[in-house]
Structure formats: C-alpha cells, structure tokens
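# What the coordinates show
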Amino acid sequence: MARVERLARLLLGVAPAALALACAKPPPPTVTLDGDACVSAPALAEARSVPLEDKEVAVTLEAGAPCWRADDGTISVYAMFRLPQSAEPYIVTVLSELRGQSLFAARILLLDDWGKTVRELGHDAFNFRGAATGASLRTRPDERYALVASDPHLVGRHLSQIVPQVRSSGAVLPGGGYVPINTGVEEIRTITFAYSGIVKVSARPLPQEK
Amino acid sequence: MRGKVIAAVAIAAGALTMLAGCMMPEIPYDRETAGGIKHVGIVTPHFHPEPDVHLASSVGQSFGLIGALADVGLKAERDKRFGRILQQANFSAQEIFTELLANDLRARGYEVSLIAMRRDKDFVKSYPVHTPPAVDAYLDLYALNYGYIAAGIGSPPYRPWVWMRVRLARAKDSAVLMQDTIVYNPVIGATYTKAVTIPPDPRFEYRTFDLLEADPAGSVRGLRTAIEQSAQAVGKLLK
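Residues numbered from 1 in each chain as written. Chains lettered and ligands numbered in written order. Predicted model: local features only at pLDDT ≥ 70, side-chain atom pairs only at ≥ 80, totals over all residues.

Before going further, it helps to examine the sheet that holds strand 12 (residues 158–172) of chain A. All names here are of chain A. Spatially, 6-13-12 is the arrangement adopted by the three strands of the open sheet, whose pairing is mixed. Every interior strand has two partners, whereas the edge strands, strand 6 (102–104) and strand 12, have only one. Taken over all neighbouring pairs, the strand axes of this sheet differ in orientation by 40 degrees on average, direction set aside. Judged from the 15 bridges that link them, strand 12 and strand 13 (residues 178–194) form a sheet pairing that is antiparallel. Among the inter-strand pairings, isoleucine 162 is bridged to a residue of strand 13, identified as isoleucine 188. (Pairing = 2+ DSSP bridges. Helix = DSSP H or I, 4+ residues; strand = E, 2+ residues; numbered from the N terminus. Axes fitted to C-alpha atoms, helices over the stretch in contact; angles between N-to-C directions.)

On to the nonpolar core, then. Ranked by internal contacts, the top residues of the largest apolar core, which has 57 residues, are Val162 and Met164 of chain B. Counting residues per element, this core draws most heavily on strand 4 (residues 137–150) of chain B, which supplies 11 residues. Not counting the four nearest positions on each side in its chain, valine 162 of chain B is found in contact with Ala143, Tyr146, Tyr184, Ala226, Ile227 and Ser230 of chain B. In terms of nonpolar packing, the next biggest core, distinct from the first, is built from 39 residues, Leu83, Leu111, Val148 and Ala149 of chain A among them. (Core = buried A, V, L, I, M, F, W, Y, C linked by C-beta atoms within 7 Å. Buried ≥ 20, exposed ≤ 12 C-beta atoms within 10 Å, placed from the backbone. Contact = placed C-beta atoms within 7 Å.)

All names here are of chain B. Taking 1.5 Å per residue, 25 residues should reach 36 Å; helix 2 (residues 64–88) reaches 36 Å between its end C-alpha atoms and fits that length. Regarding helix 2, the residues found buried are Ala68, Asp71, Val72, Arg78 and Phe82. Once helix 2 ends, the next one or two residues include asparagine 90, with phi positive near 55 degrees. (Expected span 1.5 Å × (residues − 1).)

What follows covers the environment of glutamine 87 of chain B. All names here are of chain B. Checked against the element boundaries, glutamine 87 lands in helix 2. For glutamine 87, a count of 12 C-beta atoms within 10 Å gives the class exposed. Residues glutamine 87 and glutamate 50, 37 residues apart in the sequence, show an inter-C-alpha distance of 9.5 Å.

All right, on to the sheet that holds strand 14 (residues 197–205) of chain A then. All names here are of chain A. The antiparallel open sheet is built from five strands, whose spatial order is 2-14-5-10-9. The two strands at the open ends of the sheet, each matched to only one other strand, are strand 2 (57–61) and strand 9 (127–129). Taken pair by pair, the neighbouring strands of this sheet meet at an average axis angle of 30 degrees, ignoring direction. For strand 2 and strand 14, the ladder comprises five bridges, and the chain directions are antiparallel. Across the sheet, valine 59 pairs through a bridge with valine 199, a residue of strand 14.

Attention now moves to the interface of chain B and chain A. Taken together, the contacts link 28 residues of chain B with 24 residues of chain A. Class assignment of the residues belonging to the side of chain B that touches chain A gives a composition of 16 nonpolar, nine polar and three charged. (Nonpolar A, V, L, I, M, F, W, Y, C, P; charged D, E, K, R; others polar.)

Okay, here's the thing in structure tokens:
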C-alpha cells in the first residue's frame with residue numbers, strides 16, 4: 001500500500017513537468033548566425049555512427065549547434081555522420097524534419113576518410129516527403145562521412161503548403177456497437193528554411209536483384 | 001445488387017492494397033555510376049481511361065456496407081461525369097504525361113524513345129530485350145489514381161490528384177536503377193510519408209463537385225498542372 005502511495009506521489013510530481021514538456025512550443029526558426037563560435041573545419045571526431053540497419057540517427061539542431069566558417073566566409077551549421085563500412089554500395093537517406101516552423105535548410109557533403117569532400121548534393125537534391133524534405137543516395141567507395149550542412153542560399157526562405165487530411169474518430173452507440181466517423185480537415189503548413197530543425201540519417205542495403 | 005456488393009468489397013480491398021503499395025521502398029538513382037544510361041525508353045504509362053473523383057471521407061463510411069454501396073454509386077457517377085469533361089476537352093492524361101515527361105528528360109540530356117506496350121496497373125513483368133529501338137533503360141510508370149480528391153464534404157475542397165509509381169530498369173539485365181512513388185495533393189497523410197509529395201496548387205479548388213463540373217476549362221487545367229508537376233518530379237529523380 002505504501003508502495004502504491006509512493007508511486008502515486010511520484011506520478012503527481014512528474015505530471016506537471018510532463019505536461020509542460022508536451023505543451024512546450026518548439027523554438028522559432030533560427031535564420032541568422034553571428035558565427036563567432038564557428039570552427040574553421042567540421043570535426044570528424046564529432047560524427048555519429050549510422051548503422052546499416054535502416055535505423056534513423058536523429059540530431060536536433062538549435063541554438064549552439066556546431067557550425068563552421070568556410071574559407072569564403074560562408075557559415076554553415078552542421079551535423080556529422082559516420083557511414084557504415086561495407087564492401088557493397090548501400091542507400092543513405094537524409095531527412096530534414098519540420099520542428100514547429102523550422103526546416104533545416106539541408107545540403108549533403110560526402111567526405112572521405114580524411115575529411116575531404118568527394119561529392120556534394122545541394123538542396124535541389126531534396127524532395128518533400130510529407131512534412132520532411134529528403135534526399136537518398138547510393139554510396140560510392142570513398143565515402144566515409146555524410147556532413148549534413150545548412151545551405152546559405154536557402155536559409156530564410158519561406159513557403160506555405162496546403163495539407164488536407166482525413167481524421168478518424170468514432171462513437172459508441174447506446175445499445176452497443178461502434179460507428180466510425182471520418183472527417184476531412186485541412187491546415188496551412190508554414191515552413192521557414194533555417195539553421196535549426198531536425199536531421200535524421202539512416203542507411204540500408206540496396207534491395208536484392210530478382 | 002450483388003455487383004455493387006462486390007464493388008464495395010473490391011474498393012475496401014483496393015484501399016488496403018494501396019496502403020500496402022505505399023510501402024514500396026524508394027531506390028535512388030545515381031546517374032554517374034548507373035552504367036552509361038543515355039537512351040531511355042518510356043514504356044507506355046498506365047492511366048485508367050476513366051479518372052477518379054474521390055471523397056476521402058464521407059457520411060457513408062459510418063454506415064457499413066450500405067454506406068459503402070451508396071459511396072460506390074456516388075463515386076462512379078462523379079468519375080463518369082468528370083471523365084466526360086476530359087473527353088470533351090480531348091484530354092488524355094496518359095498522352096499529356098508522356099509528352100511532358102519525354103520533354104523533361106530530353107532537357108536533362110537523355111535520348112528518349114516511346115515503347116508502346118499494353119500493360120496493367122503494375123510494373124511491367126518483363127521488358128523487351130531484342131526489340132528496337134535499343135535503349136539503355138526502361139522507364140516504367142503507372143498511375144494508381146488521377147483526377148480530383150477532397151478530404152471531406154464541403155470544407156476541404158476538391159483539388160487535382162495524381163498518385164503514381166515509377167521505376168527505371170536497366171535494359172540489359174532489368175536491374176532496378178531507381179524506383180519511387182509520387183503523390184500530387186497527398187490527402188491521406190500518413191500513407192504517403194515515404195513518397196515524394198507535391199502540395200496542391202491553391203488556384204485549382206472546388207467546394208463541391210457541381211462547382212468543379214461547372215468549370216470544365218478550369219478543372220481540366222488544374223489536372224494538367226498536377227500531371228505536369230508530377231512529370232517534373234519524375235524527371236528530377238533521374239537528374
């Protein structure tokens with residue numbers, strides 16, 4: 001009994017914090033950077049490992065996210081990912097997911113073992129996939145790291161999209177039984193390409209040929 | 001009556017099939033390493049002769065089989081009436097899509113041939129091997145749906161809708177070089193999370209089907225825009 005009471009007290013204590021977390025508004029899009037704290041080259045040591053198991057590795061980019069200043073003065077926020085070692089090419093998918101109104105303005109640089117850029121996919125390689133933009137690629141032999149970096153030409157651009165959808169609910173009848181109720185609704189999704197957002201990277205083998 | 005019951009069951013089964021179909025994994029194309037794909041043969045894309053004018057949620061859905069039967073009848077009537085509009089406008093979704101796609105691919109540096117084939121609502125089972133013209137790869141496409149869709153009655157209006165699958169297969173060994181799903185005006189949200197989605201153009205919307213029917217020129221133009229943007233999305237996957 002005392003144990004149940006302790007659990008109840010614990011839950012009561014945690015509930016307001018959980019509620020506050022659930023109701024917390026995501027931060028507004030970050031579209032400017034002073035760049036004072038930016039490094040001169042992205043650090044390979046910070047790379048997060050991506051398994052070859054179709055499991056997403058997620059990074060939330062917000063104030064204080066790593067950034068680097070290129071030789072031409074361009075500032076980019078970034079997240080570094082270490083790609084799986086494999087003798088066979090495989091598929092890497094980079095998703096930039098909406099967080100509030102922020103969509104990380106992503107481009108992808110593929111780096112070799114020494115951090116040299118061997119391929120770059122600009123923001124035009126991305127397509128909308130629902131509430132995210134995504135780009136997939138087949139890896140090539142020298143590519144060891146995927147550097148997902150902000151595209152300075154895209155940051156600050158806005159767009160809005162119509163999002164129609166069907167919501168399902170239902171009603172229990174007085175005499176028993178259940179009636180499904182589907183209704184059509186729509187909203188306007190407002191998007192700002194930003195230095196902030198959520199980036200998810202995954203890797204999976206190429207499907208076997210028939 | 002029996003036919004309508006079968007139709008209702010078929011629609012329910014079809015919806016499930018469509019949901020399952022959405023899970024087709026995306027395979028990205030790498031033009032540089034694909035093995036010299038310069039000449040693409042577009043296999044006659046499949047578009048059903050009659051368009052879909054779909055109401056994604058309706059009162060009928062709350063009333064079991066009877067409601068489903070009513071929905072089937074209403075939808076068939078809308079399909080037929082919009083089909084008539086397309087016919088009167090001499091509008092063939094398949095021909096327009098093929099032409100726009102061929103132009104898009106040529107602009108991206110591909111040589112393009114049209115490969116006439118009779119086919120169903122699925123990818124082609126086997127591609128021609130020794131039939132001229134000799135192409136490097138076959139671009140195989142079929143529309144699951146095209147026409148107009150509304151999320152519900154009244155408030156979310158009817159807007160153009162295209163839902164298609166695309167595959168590029170190497171001619172010499174049928175290896176899949178690219179495959180994806182494209183949806184213009186994705187209404188059934190979660191169903192399309194892995195597809196390339198194109199939000200609808202707000203210029204083309206009709207609060208009711210009667211209003212859509214009363215504007216044949218505008219409704220055809222709306223569908224053409226959806227088809228055009230879908231063709232561009234396919235081209236982009238092959239850049």
